[in-house]
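The primary structure of each chain is shown beneath.
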Protein chains: 2
Amino acid sequence: MTAHELKKEKRIQEIIQKIDALGLELVKELEAGENPSLEIPIRGSSNIYFDEKNRKIRLGDKVSHRYLFNVSHARKFMQTMLVASYVKKDLLENNLTATLRDLYYAKKHTIEGTKEDTIDEQTESDQAIVDFEVALGTFRERLHLRAEPKGRMAGEMTVVDHVRDKSDRINLAKMGSGGWAVPSIVEQVEFDNVGVEYVLVAEKNAIFDRLNEDGYWMKNKCLLMTTAGQAARGARRLLQRLSDELKLPVYCLTDSDPYGWYIYSTMKYGSMALAHESERLGCEKMHFLGMSTTDIETYDLKSVTIKAKEVDVKRATEMKNYDWFKSKPWQDEIDLFLKKRLKAEIQALSSKNLQYISKTYLPEKIAAQDFLP
Amino acid sequence: MTAHELKKEKRIQEIIQKIDALGLELVKELEAGENPSLEIPIRGSSNIYFDEKNRKIRLGDKVSHRYLFNVSHARKFMQTMLVASYVKKDLLENNLTATLRDLYYAKKHTIEGTKEDTIDEQTESDQAIVDFEVALGTFRERLHLRAEPKGRMAGEMTVVDHVRDKSDRINLAKMGSGGWAVPSIVEQVEFDNVGVEYVLVAEKNAIFDRLNEDGYWMKNKCLLMTTAGQAARGARRLLQRLSDELKLPVYCLTDSDPYGWYIYSTMKYGSMALAHESERLGCEKMHFLGMSTTDIETYDLKSVTIKAKEVDVKRATEMKNYDWFKSKPWQDEIDLFLKKRLKAEIQALSSKNLQYISKTYLPEKIAAQDFLP
């Protein structure tokens, strides 16, 4: 076995042991004539807080108990057990990964002798998966469950990616105009020949294409990534690993609007919907490079702005109250937005000239370390 | 200059010459005291037909004339000229590419001495771009205009991709779990070391991940691609080139529902909205591998089907009348769907077992050449 295979096998065995321990505990309770129960951290807003010290949106320590012999718990209990069985026997023991939809199809069936289906809608098995992740204190990818992949990368770095019995060395500096597609699961990915000084993550494919064509990442020794909209889990986890393991600064580039801020804050702090995942997906050292509302004046972009809609104003007002936007620079940014009520897309810079972003905007902003926290 | 650079330069010069010729013609008309006009093929449904011989949805030969000195034409005429100028001077002459949005931002301005903007909404410049493409008898990518990229690839083949002054050799057999991201523009891409016997294009990322993890493309000598939903222009053009230039059979895998058929037919025949592009984007030799409504019985998937909604039935009824679905096998397929009113996702095969698609379904279907035309 290679070092990588050993590490992977160890990761798999750790989870299998956790699942076995949980199962044995339930059997013990059953044999003792007790009502078996699962302890599941509560994921509602009452149990979500902002951890100032670690700069992450997190789950608190409130838990609920789910009992097998309880009419309103039994169905969910059974579904959680179906998830446990699928993860252990179908996925981990065979070293296979699957999507949430695969699990739903595999475990949906009519219970013998009844007209009752184990699972009606996929939302039920999805919920059971999250319950199981949280109960086990692990995350989906470690259970070999894949999310939809999204995003592309290029830069002077080699990624070593292991797909079952094959290991590929991928030179991200030789990916042509396409880039390397960021996979759903990146736990197995290793970094090598790191020749970059920072990571630049752009919300938009178009910006990746622009900067890639301009050779921006070559000239500026950066690792370029696009999330192609709201970042997928694979991209978020990869950013965290690049920041934590390689100590690379990570700069984020979104449109200047509340949706752009939201994309940024999700990558940086995690989200309320997935508060239990912030630990593994948050990249708390990320900086917001732009576009900022101030950029609109600085770079004379007023004529290519878009008027904010009521929904933008409402969203901005909400975000102003979030604990993770309470720093002075962000409060000022949001206030300025609420005053001007103007949005700007990164591509508005194309009104100057096509390469303005590569040749002027980015070098200037980065040299001046003109970031929002 | 390398052979590739010469070829690219030639492609660029050809378009520049076409633009110059069009411009000179307009100047000549102006100098002769005439009302300059552009001849633009009509793109409405009255001018769209199915070319049985070449198996493509096409534009007919009806044209409209757009005059400079005509109150209802002048604005569009001006916008088409803005597009021409941007494409020639900003893009082709600098060997740069841009998005439709970049063009919009670059050419939107208030006309001096008036309160009139050249372009109000991007839809106007987008329309002008299509007009210009059609008038010039070329396509967007040749004008160096990029669409949103989507899709991933893996297989025993090397792609040589030229990004401005750099040429990358990308071994698609060494792309790890991510795959190579299909770029927006693939005109410059060359194929080398082709070790595959067919192309398998799946609508869904999840299927790419499944088949990639199972090493399906290695064992079956296929080039694997996902379009990640409705295929983007880059993916469509690449499929056409793989079919035309390498003479590779192309098999398509979508869900069994009218939306899946639509995704397939767009890749194969083109679409009504982009009928002028079918020539460059249609892959008329593509086969529909599955899922078919018959597969639901053959593979005993009834318990994991989804009831068709009214909108599906309506869509299927419409599609039954399209000229490109008039073959007997497709008429039977649609009739069977309308009778059973059941949809099935490819992932429904996961209800058998996770690798059923790799180990049973695909090998069986391909061995039996069980395709719809």
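Parameters at a glance
- Residues numbered from 1 in each chain as written.
- Chains lettered and ligands numbered in written order.
- Predicted model: local features only at pLDDT ≥ 70, side-chain atom pairs only at ≥ 80, totals over all residues.
- Heavy atoms only, no water.
- Pairing = 2+ DSSP bridges.
- Helix = DSSP H or I, 4+ residues; strand = E, 2+ residues; numbered from the N terminus.
- Axes fitted to C-alpha atoms, helices over the stretch in contact; angles between N-to-C directions.
- Least-squares fit on C-alpha atoms with pLDDT ≥ 70 in both.
- Contact = heavy atoms within 4.5 Å.
- Buried area = accessible area lost by both parts, 1.4 Å probe.
- Salt bridge = Lys/Arg side-chain N within 4 Å of Asp/Glu carboxyl O.
- Polar contact = N/O pair within 3.5 Å; in protein donor to acceptor, adjacent residues only side chain to side chain.
- Nonpolar A, V, L, I, M, F, W, Y, C, P; charged D, E, K, R; others polar.
- Phe/Tyr/Trp six-rings, centres within 6.5 Å; stacked < 30°, edge-to-face > 60°.
- Buried < 20%, exposed > 50% of the residue type's maximum accessible area, 1.4 Å probe, protein only.

Draft legend 1. Local environment of the sheet that holds strand E11 (residues 190-192) of chain A. Residues and elements named next belong to chain A. If you trace the three strands from one edge of the open sheet to the other, you get E9-E8-E11, paired in antiparallel fashion. Edge strands, defined here as strands with exactly one partner in the open sheet, are strand E9 (166-171) and E11. Averaged over neighbouring strand pairs, the angle between their axes works out to 25° when direction is ignored. Direction of pairing for strand E8 (residues 158-163) relative to E9: antiparallel, over a ladder of six bridges. Its bridge partner lying in E9, valine 163 is registered against lysine 166.

Draft legend 2. Structural view of the relation of the copies chain A and chain B. Superposing chain A onto chain B requires a rotation of 180° together with a translation of 0.0 Å along the rotation axis, leaving an RMSD of 0.0 Å. Those values place the two copies in the arrangement expected of a two-fold rotation axis. Interface overlap between copies is the fraction of interface residues in one copy that are interface residues in the other; for chain A against chain B it reaches 100%, indicating a shared surface.

Draft legend 3. Just the interface of chain A and chain B, in detail. On the side of chain B, 55 residues touch chain A, which itself brings 55 residues to the contact. Looking at the side of chain A facing chain B, the largest losses of area belong to Tyr105(A), Glu213(A) and Leu354(A), adding up to 16% of the total buried there. Applying the counting rule to chain A against chain B returns four salt bridges. With a shortest N-O distance of 2.3 Å, Arg101(B) and Glu345(A) are connected by a salt bridge. Applying the counting rule to chain A against chain B returns 34 residue pairs in polar contact (both at pLDDT 80 or more). Elements with a contribution of two residues or more to the side of chain A that touches chain B: helix H2 (74-91), strand E5 (98-99), helix H3 (100-107), E8, E9, strand E10 (180-181), helix H5 (205-213) and helix H6 (216-219) of chain A. Tallied by class, the residues present in the side of chain A that touches chain B amount to 22 nonpolar, 16 polar and 17 charged.

Draft legend 4. Main features of the packing of aromatic side chains. A complete count under the given rule lists 28 aromatic pairs over all chains for this structure. Here the aromatic rings of Phe325(B) and Trp330(B) are separated by 5.0 Å at their centres, their planes lie at 75°, and the arrangement is edge-to-face. The same class applies to Phe325(B) and to Trp330(B), which are both buried. Chaining the aromatic ring pairs together yields one cluster made of Trp261(A), Tyr264(A), Phe288(A), Phe325(A), Trp330(A) and Phe337(A).

Draft legend 5. Inspection of the sheet that holds strand E8 (residues 158-163) of chain B at higher detail. Residue and element names in this part refer to chain B. In spatial order, the strands read E9-E8-E11; together these three strands make up an open sheet with antiparallel pairing. Strands with a single pairing partner mark the edges of an open sheet, and in this sheet they are strand E9 (166-171) and strand E11 (190-192). Averaged over all adjacent pairs, the angle separating strand axes in this sheet is 25°, with direction ignored.

Draft legend 6. Region of interest: the pairing of strand E13 (residues 222-226) of chain B. Residues and elements named next belong to chain B. Burial within E13 is extensive, with five of its five residues counted as buried. Neither face of E13 is open: one carries Cys222, Leu224 and Thr226, the other Leu223 and Met225, and all of them are buried. As defined by bridge partners, strand E7 (residues 152-154) adjoins E13 across three bridges and the pair is classed as antiparallel. Considered in E13, the bridge of alanine 154 is made with leucine 224. Pairing of strand E12 (residues 198-202) with E13 involves five bridges; the strand directions are parallel. Bridging across to E13, valine 199 finds its partner in leucine 223.

Draft legend 7. Molecular detail of the environment of Leu336(A). All names here are of chain A. Relative to the elements of secondary structure, leucine 336 occurs in helix H12 (residues 328-340). Of the residues examined, leucine 336 reaches a relative accessible area of 23% and is grouped as partly exposed. Sequence separation between leucine 336 and threonine 294 is 42 residues, and the spatial gap between their C-alpha atoms is 8.0 Å. If near-sequence neighbours (up to four positions away) are discounted, leucine 336 is found in contact with Thr293, Thr294 and Arg341.

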